[in-house]
Structures are given as structure tokens and as C-alpha cells.
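Analysis of the macromolecular model
Here is how the chains run, residue by residue.
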Amino acid sequence: MDALISLMNHPYLTMKLGLNNDSKRNIDAVYPLSLFFAFGIYLVFQRYQKKHNSPVPFDWSFPEAAEPTWESLQIHKPHIESHLTNPEVLPPMNVPGRRWITSFDPATGLHIGTSLADNEAEIAGKIARAKKAQKSWKKTTLRQRRRVVRSLLKWLVDNQEVCARVACRDTGKTLIDAALGEILTTCSKMEWLINHGERAIRPESRAGNLMMMYKKSQVIYEPLGVVAAIVSWNYPLHNAWSPILASIFSGNGVVLKCSEHVIWSTNWFVGAITECLKVCGHDPDLVQVVCCYPEQADALTRSPDIKHITFIGSETVGRKIAIAATEHLTPVTLELGGKDPAVILPGTDLNKWASLWLRGVYQNMGQNCIGIERLIVHAEQYDDLYTIFEERVQKLRVGSVMATTQAGYLNTVDGGSMISNNRFRGLEKLIKDAQEDGAYVIGGEEFKHVYHEHGYFFKPTVVGPVYNTMDIANQELFAPVALLMPYETVEEAIEIANGTRYGLGASVFGPDQDQCVKVAKQLECGMVSVNDFGVFYINQDLPFGGVKASGYGRFGGPEGLRSLTNPKAIIVDRWPSAIQTSIPKVLDYPLRSLYYSWEFVNGLVRFLYADGWRARIRGLISLVRATRK
């Protein structure tokens, strides 16, 4: 500021502005001085904004196992309880009577770590710590919460490769699958919270009516307390961060129960959030991670301190959680299975959209809740579509991006591994049954990788023609399998699309966008992309969820954020010193006359709601007459 004042008083400047008596210029000094002051105010404002809104840098150590050159014990036929048959994977300090969870790379079989599973007492303790931390967190401003989210966004963008490799190590996916399904979606979530989250949960005024014209109404969105998120393994970063971010932004504490398959990566991903909370000056106990076996899950789902549950997973487990939540009438959002169709209308340019369909089917090796499982195509274009898939799918390469070659570089692969081989025999049977019913099959079986004999791979598969009468057309596969289903009329295509018990997402493709929208409106599902795939999730201003056996409730968008709050209605007097509610004598206890009391109420109703001004005037006259009695 001293430098600014010195500059303003510089002799050369004052002479040029006409402040010197000998100057022949008559420039008014107010204008440049105003510019100087305006610039100074701008600098002060910018400094204030930077101090209170800029992201706070923090460090979070990278796990050694995220390096492609990392080496570890190779587990034969690995699973989450490999420690029971292979004592080498148990930690040195074994706790008798406790259960453990073995983490491994499903693409290579490398042992990552062995974690102690939480018991009921530990789960209760974590809920209590989150509850205690939430008492102070709920008093924070939305500016403070935005700063935490902004800090996490910067950290994720700066460390996206490491985060992608952590997800790859724990799930066997590829770096591209991780970038699209983990990094991109989570960044989109945080961007929406920063730019639009406040709009969704800040107090809002509501309209009144004639009777309540002297009142003001508003809704405030209060935090619930401690909420729970029980999430699946297919996207360990996004499935953990997304519900946590929504929960803490709306003022809640959160207990996240991750899948046993991804406890290693989830602990690291959530550890970054708690570290960020800490450096931002908040209690890191606000966010807790629980990992346990199903037998201990009731300690979370039946806890009276849990005020909301978000579940992402299978229909079978979702039903159990919904039943458990009834004990304390805990509200639940369920995002369950899907059998998403892509309806391809007649005349669609197949080559134009083929790459999009391939990505929709084989992204994350089909382990994608909104992945395309059914391609419903007109019979005249069926052969062409089958040929396109046949040519391209047979060229897809599966493998691991976390294993280097002898030359020291990473192989280029199109698809990673499956999370385990538990469903391989069931998948192979469904595909074989379809083949016996007349379908042609490309792939359709477990893939024995020449370099990763302990990895769990399934061949990218095409099955067609498939009809609604086949089992494979009605069960969620959650695998790299494309089902090609022919139809004759658009009405039949809609019937096929709606012919399963699921209703999560869908896509409609065609040369006429208006016709696509017309079809989209007839699909029984929660979300539809027109001439695209899955983009309704990139736009985080939209609600996400399904109908029928795909669940109920929504996360994402204003609807999802508000579901984590208590919408409280508050109504106050508009002019408290002038007019307030009072009971007319004709209605006051004890009633003096039932006849006139009824005439008053009857006249009031007609005055407020009768059809036509004459009827309303007659109601007003009746009301006044009854008041005078």
C-alpha cells in the first residue's frame, strides 16, 4: 500500500495529471485515482478469496504396491481368505479368534496385504467417533466445506496416475478404465459440489397462498448426523469418495463400509480424505472406514446412530440391508443391479456408433452397473452389427497393466481381469445354454493367460441372436458379454428393453433425435442417454438411480444431496408487529353456536377456494355475518 501511495504522489504523474500549477493540461485526477483505489480493492478481495477458498496442499504417501515393478508373494488361486490355507500371508502378530481379509491383485495373484476384519465392537466405536466429530463439523460453513472439496480435487488431479495405479492393483482393471470410471467421474462430482452444491442445500423460500399471505415460508436442509455408505468393489476410488463427499458437504459424518475385495485401496483412498480434513483444521474422525464380513454388517445397518444408508451392490444384499434398516426406520437409497439396453433404431449408422457400444459393453470388463448388456437392433441390421463385433472383439487383448515385461515396459491391453473367478462357471453355463438355444458365441469362457496364470480373466464375449425367453437375457451378467437381440418393430424393441426385472439405465441410438427421445420416454428405467452411453453420470447435476429391481432413491444431483439432509419447514410472520394469527371469537373454545361456527368456516372456504369471483364474494359475506353474531 505504501508503494501504491508513493506512485500516486510521483512528481511526473502529478504533473501529467494537471496537479502542477504550471501544467497546461486540465485532466481531472479523480479518474486515475479512482482506478488506483478500485485496483487496490480488487487486490484485497483477491487476497481474501485466496486465503479462504484456495485449495490447501497436503501430502499423502504413495503405496509401494502401486509401482508396476513391485514384487510380492504369488498366491495360488487367491481369494479373500487365502490366509486360512497359506499362513505366509498372515501378519506376524496374529490375533487369535479374529477374522482376516487377504488383499491380492486379481490380475497377477500377487499378495498385497492382509487386514484385520472389524468386529461389532470396533464398528460401534467407529460410528461413535464419527458422531462426535460431526457435532463440530455440522457448524462449519459451506465455504469451509467447499475448501475441503477443492483441496481434494486439486490433489486428485495432481496425483491421478498414482490413484489409477492403486485402483488397478486392487481390482485388476486397466489404466484407461480407471481414468474414465474412477478419476473423471470423481472430478466431475467434486466440480459440481464446488459450483452447485450450495444451491441444492441452502435455505430456500417457498410460495404461500391467500390465506397465508401474512406469513413467510422457507425450507432449511439440516444435516442428519452420521450416515453410512455400503459400496461395491468395481470402482474403489469413486465408490468411496462419491458418498463421502456428498455426506460431508451436507454436514454429516460418514461411515463407509467397503467391499472385502478392495480394503487395501479403499483405506488408502479414504486416508487421503482424512489427511485433507486434518490439514484444513477439521477432525479426521469425521470419516470412518469399516471392512467386515457380512456376519458383522448388522452392527452398522441396525445401529440407531446411523441416520441414512446408501447401498451400491447386488439385489440380494440390498434387500437384506433394507430389512435391517427397518429396525430404526433408517431411510435407505438402493442402487442395485442393471441389465441396461442400447436400443438401436432402424437406419442407425452402425459404424458411427460401434466404438461407443464397445466401450459401453467392455469398459471395466463389463463390471459396470450402467454398462451396456443388451444391444437391441433391427433384424435387417443384425448381421452387420454381429460382423462388426466379431471383427473387433476378437482383437481385444486382456492382461495386466501392473506387470512389466522382461524389457521393462508395460503391455498395451484393452481389458483387465475380473475381480475373482467366483462367477465364471455360472457365466459359462448361461452362455452355453444360449448356444444350445441357437445363439452364436464368440469367446464365452475363462481365459487362461499365458503370463498371468494366477489371474482371473474372462474372454470378451459376443452372444447372438438372443431372445427374451433365454435366461442370459434376464440375468445381470456384470461381465464382458455383449448380447445382440434382434427386433422387427420399434414397439417390439421397447417391449424387449422393458422385458427384464431391472430398470437402471439405458441408451437409444438413431438418426432422428426426436424419435430417440420418444422411445426414451417409454423405457422403464431411471436414466437414458440419447445417441451416447452413460453420460448422465458425468453430468453430476442429474439424479442417479433406477426403478423396479434396480432399487429406489437417488444419489447425485440436488436430489441425492438433499436425501442426506432433514428438510425442515419453517414459517414466520411477515409483519409480526402488524398482524399475527388469532382465533376468531366465533371459533374460540367453548363454541357459542355450532351454526355460526360452521357458517364462518364454510364462508372462509368459499371465499378462499370457490370457482369464480361471485361465489367468493358470497363466501366473504357469509364469513362477515357469522363473525358479527
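See the structure printed just above.
In what follows, the accompanying structure is described. Predicted model, so just to flag it, every value in this text is computed and none were measured.

1. Things to note about the overall build of the protein chain
- Within the protein chain, the secondary structure is distributed over 19 helices and 22 strands.
- Considered along the principal axes of its C-alpha atoms, the protein chain spans approximately 90 × 90 × 65 Å.
- Taking all 629 residues of the protein chain together, 51% fall into the buried category.
- For the protein chain, restricting intrachain contacts to residue pairs at least 6 apart in sequence, the fraction spanning at least 24 positions comes to 70%.
- Of the roughly 31,100 Å² of accessible surface on the protein chain, 55% is carried by carbon and sulfur atoms.
- For the protein chain, the distance from the average position of its 67 positive side-chain charges to the average position of its 64 negative side-chain charges is 14 Å.

2. So, helix α14 (residues 424–436)
- For α14, spanning 13 residues, the distance from its first C-alpha to its last is 18 Å, which sits close to the expected 18 Å at 1.5 Å a residue.
- By the burial criterion, the buried members of α14 are F424, L427, L430, I431 and A434. The arc that holds every buried residue of α14, seen down its axis, measures 135°, which confines them to one face. Exposed residues pointing more than 90 degrees away from the buried face of α14 are listed as K429, K432 and E436.
- The secondary structure elements touched by the buried residues of α14 are β12 (440–442), β13 (446–447), β14 (457–458), β15 (461–464) and β16 (481–487).
- Among the residues trailing α14, G438 stands out with phi positive, at a value near 110°.

3. Remarks on a nonpolar patch on the surface
- A surface patch of nonpolar side chains, about 520 Å² in accessible area, is lined by M211, W598, V601, V605 and Y609.
- Structurally, V605 can be placed in helix α18 (residues 594–609).
- The exposure class of V605 is partly exposed, given its relative accessible area of 43%.

4. Describing the environment of V450
- Within the fold, V450 resides in the loop between β13 and β14.
- With 148 residues separating them along the chain, V450 and W598 place their C-alpha atoms 88 Å apart.

5. Some details on the state of the cysteines
- Using the criterion set out here, one finds zero disulfides in the structure.
- Cysteine C369 is unpaired, with the sulfur of C525 as its nearest cysteine sulfur at 13 Å.
- Here C516 is not cross-linked by a disulfide; its sulfur's nearest cysteine counterpart is in C525, at 14 Å.
- Looking at C516, the relative accessible area reads 0%, which means it is buried.

6. A short note on the side chain of H282
- Following the sequence through the fold, H282 ends up in the loop between α9 (263–279) and β7 (287–290).
- Ignoring sequence-local partners within four residues, the contact set of H282 consists of W137, T140, Q144, V148 and L277.

7. Some points on a negative patch on the surface
- Together, E380, E488, E492 and E495 make up a region of like negative charge exposed at the surface.
- Relative to the elements of secondary structure, E495 occurs in helix α15 (residues 490–497).

8. Concerning the pattern of salt bridges
- One pass over the structure, following the stated rule, counts 30 salt bridges.
- A salt bridge links D105 to R169; its shortest N-O distance comes to 2.9 Å. Of this pair, D105 sits in the loop between β1 (100–104) and β2 (111–116) while R169 sits in helix α6 (residues 160–171), and the two are 64 residues apart along the sequence. Judged on exposure class, the residue D105 and its partner R169 are both buried.
- The partner of D414 in a salt bridge is R397, and the shortest N-O contact between them spans 3.0 Å. Of this pair, D414 sits in the loop between α13 (379–393) and α14 while R397 sits in the loop between α13 and α14, and the two are 17 residues apart along the sequence.

9. Concerning the packing of helix α12 (residues 350–362) against α13
- The interhelical angle for the contact between α12 and α13, taken along N-to-C directions, is 60°, at an axis separation of 11 Å. With respect to α13, the axis of α12 lies oblique. α13 is crossed by α12, and the crossing has right-handed handedness. Between α12 and α13, the contacting residues are L350, N351, A354, S355, W357, L358 and Y362 on the first element and Q381, D384, L385, I388, F389, R392 and V393 on the second.
- In terms of residue class, the contact of α12 with α13 is built from nine nonpolar, three polar and two charged.

10. Some words on the sheet that holds β7
- One open sheet holds the six strands; their spatial order is β7-β6-β5-β8-β9-β21, and the pairing between them is mixed. Of all strands in the sheet, those bounded by a partner on one side alone are β7 and β21 (551–552).
- Helix α8 (residues 236–249) contacts β5 (226–230), β6 (253–257), β7 and β8 (306–312) of the sheet and is inclined by roughly 165° relative to β6.

11. Considerations on the packing of aromatic side chains
- For the coordinates displayed, the defined rule picks out twelve aromatic pairs.
- Where F58 meets W155, the ring centres are 5.7 Å apart and the plane angle is 15°; that geometry is what we call stacked. One end of the pair, F58, is in the loop between α3 (30–53) and β1; the other, W155, is in helix α5 (residues 142–158), and 97 residues separate them in sequence.
- On the basis of relative accessibility, which here comes to 9%, the residue F58 falls in the buried class.
- Site record: aromatic cluster; members linked through ring pairs are F58, W155, W241, W268 and F269.

12. Structural notes on α8
- With 14 residues, α8 should reach 20 Å at 1.5 Å per residue; the first-to-last C-alpha distance of 20 Å fits that figure.
- Most of α8 is tucked away, with 14 of its 14 residues classed as buried.
- With its phi angle positive at about 95°, G251 sits one or two positions after the end of α8.

13. Looking at the layout of surface pockets
- There is about 530 Å³ of room inside the second largest pocket.
- If you trace the second largest pocket, you find 18 residues lining it, with M211, Y214, S582, P584 and L604 closest to the centre.
- Of all the elements, α18 adds the most residues to the lining of the second largest pocket, at four residues.
- Residues that form the lining of the second largest pocket fall into these classes: 15 nonpolar, three polar and no charged.

14. Regarding unusual backbone geometry
- The omega torsion of the bond from G464 to P465 falls at -5°, within 30 degrees of zero and hence cis.
- The residue P465 is located in the loop between β15 and β16 in this model.
- For the bond running from Y589 to P590, omega is -10°, close enough to zero to count as cis.
- Along the polypeptide, P590 turns up in the loop between β22 (565–573) and α18.
- Positive phi, normally seen in glycine, also occurs at K77, with a value near 50°.

Basis of the calculations
Residues numbered from 1 in each chain as written. Predicted model: local features only at pLDDT ≥ 70, side-chain atom pairs only at ≥ 80, totals over all residues. Heavy atoms only, no water. Helix = DSSP H or I, 4+ residues; strand = E, 2+ residues; numbered from the N terminus. Buried < 20%, exposed > 50% of the residue type's maximum accessible area, 1.4 Å probe, protein only. Contact = heavy atoms within 4.5 Å. Areas by Shrake-Rupley, 256 points an atom, 1.4 Å probe, with all protein chains shown as cover. Lys, Arg positive; Asp, Glu negative; His and termini not counted. Charge placed at Lys NZ, Arg CZ, Asp CG, Glu CD. Expected span 1.5 Å × (residues − 1). Arc of directions from axis to C-beta. Patch = residues over 30% accessible without salt bridge, like charges linked within 9 Å, V, L, I, M, F, W, Y side chains within 5 Å. Salt bridge = Lys/Arg side-chain N within 4 Å of Asp/Glu carboxyl O. Disulfide = S-S within 2.5 Å. Axes fitted to C-alpha atoms, helices over the stretch in contact; angles between N-to-C directions. Parallel < 35°, antiparallel > 145°, perpendicular 65-115°, else oblique. Left-handed = near helix turned anticlockwise from the far one by under 90°. Nonpolar A, V, L, I, M, F, W, Y, C, P; charged D, E, K, R; others polar. Pairing = 2+ DSSP bridges. Phe/Tyr/Trp six-rings, centres within 6.5 Å; stacked < 30°, edge-to-face > 60°. 1 Å grid on protein atoms, 1.4 Å probe; cavity = no way out; pocket = protein on both sides within 12 Å on 5 of 7 lines; lining within 4 Å. Points joined across faces, edges and corners; volume = space filled by probe spheres on them.

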